[in-house]
Amino acid sequence: MVKRKLPRHVGFIPDGNRRWAEEHGMTRESGYAHGLMPGLRLYEQCEALGIEEASIYCFTKDNTKRPSAQKDAFRSAAVKFAEEMARREVALLVVGDERSAQFPAELAEFRQRRGRGMKVNLLINYGWEWDLDGLRNGGLRSSDVSRLDLIVRWGGGRRLSGFLPVQSVYADFYVCDEYWPDFDPQHFEAALEWFSKQDQTLGG
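Attention in this report is confined to the structure presented alongside it.

A closer look at the overall build of the protein chain
Here is step 1: Broken down by element type, the protein chain carries five helices and six strands.
Here is step 2: Its helices and strands taken in sequence order, the protein chain reads β-α-α-β-α-β-β-α-β-β-α from the N to the C terminus.
Here is step 3: Against the globule reference of 17 Å for 204 residues, the protein chain gives a C-alpha radius of gyration of 16 Å, in line with a compact fold.
Here is step 4: Long-range pairs, those at least 24 residues apart, make up 70% of the contacts in the protein chain between residues at least 6 apart in sequence.
Here is step 5: As displayed, the protein chain has an accessible area near 10200 Å², and 47% of this comes from carbon and sulfur atoms.

A closer look at the environment of glutamate 47
Here is step 1: Tracing the backbone shows glutamate 47 in helix H2 (residues 36–49).
Here is step 2: For glutamate 47, a relative accessible area of 45% gives the class partly exposed.
Here is step 3: A C-alpha to C-alpha distance of 20 Å links glutamate 47 and aspartate 144, two positions 97 residues apart in sequence.

Observations regarding the layout of surface pockets
Here is step 1: Of the volumes computed, that of the largest pocket is approximately 840 Å³.
Here is step 2: Along the walls of the largest pocket sit 40 residues, with Pro14, Tyr57, Cys58, Phe59 and Asn63 positioned nearest its centre.
Here is step 3: Those elements that place two or more of their residues in the lining of the largest pocket are strand S1 (9–13), helix H1 (17–23), H2, strand S2 (53–60), helix H3 (68–87) and helix H4 (128–133).
Here is step 4: Considering every element that reaches the lining of the largest pocket, the biggest residue donor is S2, with five residues.
Here is step 5: Split by residue class, the lining of the largest pocket holds 18 nonpolar, 12 polar and 10 charged.
Here is step 6: Empty space within the second largest pocket amounts to approximately 170 Å³.
Here is step 7: In terms of lining, the second largest pocket is formed by Leu93, Val95, Glu98, Arg99, Arg111, Gln112, Trp130, Arg141, Ser142, Ser143 and Asp144.

Here we look at the sheet that holds strand S5 (residues 150–153)
Here is step 1: Spatially, six strands are ordered S3-S4-S2-S1-S5-S6 in an open sheet, and the strand pairing comes out parallel. On the outer flanks of this sheet lie strand S3 (91–95) and strand S6 (172–175), each paired with one strand and no other. With strand direction ignored, the average angle separating the axes of adjacent strands in the sheet is 20°.
Here is step 2: By the bridge criterion, seven bridges tie S2 to strand S4 (residues 119–126) in an arrangement that is parallel. Residue pairing across strands places phenylalanine 59 opposite isoleucine 124, the latter belonging to S4.

Observations concerning the packing of aromatic side chains
Here is step 1: Enumeration according to the criterion identifies 11 aromatic pairs in this entry.
Here is step 2: For the pair phenylalanine 59 and phenylalanine 74, a centre-to-centre distance of 4.7 Å together with 35° between the ring planes defines the contact as tilted. Taken as a pair, phenylalanine 59 in strand S2 and phenylalanine 74 in helix H3 lie far apart in primary sequence, 15 residues in all.
Here is step 3: Taking the relative accessible area as the measure of exposure, phenylalanine 74 reaches 4% and is therefore buried.

Some words on a negative patch on the surface
Here is step 1: Residues Glu23, Glu178, Asp182 and Asp184 make up a contiguous surface patch of negative charge.
Here is step 2: Examined against the element boundaries, aspartate 182 turns out to sit in the loop between S6 and helix H5 (185–195).

About the thresholds
- Residues numbered from 1 in each chain as written.
- Predicted model: local features only at pLDDT ≥ 70, side-chain atom pairs only at ≥ 80, totals over all residues.
- Heavy atoms only, no water.
- Helix = DSSP H or I, 4+ residues; strand = E, 2+ residues; numbered from the N terminus.
- Rg over C-alpha atoms; globule rule 2.2 N^0.38 Å.
- Contact = heavy atoms within 4.5 Å.
- Areas by Shrake-Rupley, 256 points an atom, 1.4 Å probe, with all protein chains shown as cover.
- Buried < 20%, exposed > 50% of the residue type's maximum accessible area, 1.4 Å probe, protein only.
- 1 Å grid on protein atoms, 1.4 Å probe; cavity = no way out; pocket = protein on both sides within 12 Å on 5 of 7 lines; lining within 4 Å.
- Points joined across faces, edges and corners; volume = space filled by probe spheres on them.
- Nonpolar A, V, L, I, M, F, W, Y, C, P; charged D, E, K, R; others polar.
- Pairing = 2+ DSSP bridges.
- Axes fitted to C-alpha atoms, helices over the stretch in contact; angles between N-to-C directions.
- Phe/Tyr/Trp six-rings, centres within 6.5 Å; stacked < 30°, edge-to-face > 60°.
- Patch = residues over 30% accessible without salt bridge, like charges linked within 9 Å, V, L, I, M, F, W, Y side chains within 5 Å.
- Salt bridge = Lys/Arg side-chain N within 4 Å of Asp/Glu carboxyl O.
- Lys, Arg positive; Asp, Glu negative; His and termini not counted.
- Charge placed at Lys NZ, Arg CZ, Asp CG, Glu CD.

Encoded structure:
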């Protein structure tokens with residue numbers, strides 16, 4: 001039996017939380033808390049498959065322009081998820097502008113990678129312009145994040161939304177129409193099956 005080709009590094013854009021909440025009769029900010037358990041299930045799936053590195057879009061600098069209730073909700077969800085990842089002793093790195101008041105102070109220690117397990121990169125208060133601006137001082141601010149092989153986005157959007165532009169240069173892009181809180185492991189399985197049929201030449 002031929003072994004399935006797996007991506008080494010996968011990026012995840014868990015979109016659709018607010019739309020999911022509205023469709024379930026909740027306030028828009030209520031959706032973020034319902035994205036925590038799917039995130040843990042996805043991490044466990046990646047670990048079981050032997051995925052070496054995962055990058056997850058938590059919230060961006062642009063997202064912080066949203067109403068206060070939404071900002072509080074997605075910041076709280078991001079912190080809880082990061083703390084759970086740290087508890088599981090993954091090799092955790094938080095990538096984002098820690099100089100901003102929007103960055104959760106309790107995650108500052110993870111601006112340097114800590115832990116020994118699977119590499120997990122959480123983009124928290126991340127901005128692509130902030131990332132690239134590091135080149136003025138000699139290095140990309142996300143320089144410890146490797147090139148992406150596959151990006152999976154939930155919520156039906158067909159755009160990167162500023163997600164790790166340098167590392168995404170040769171990534172294959174798979175879209176799930178389902179909202180993120182409706183995550184099912186089969187979504188990722190379908191993405192992996194699709195990825196295994198792509199021809200990754202990296203331009204060669």
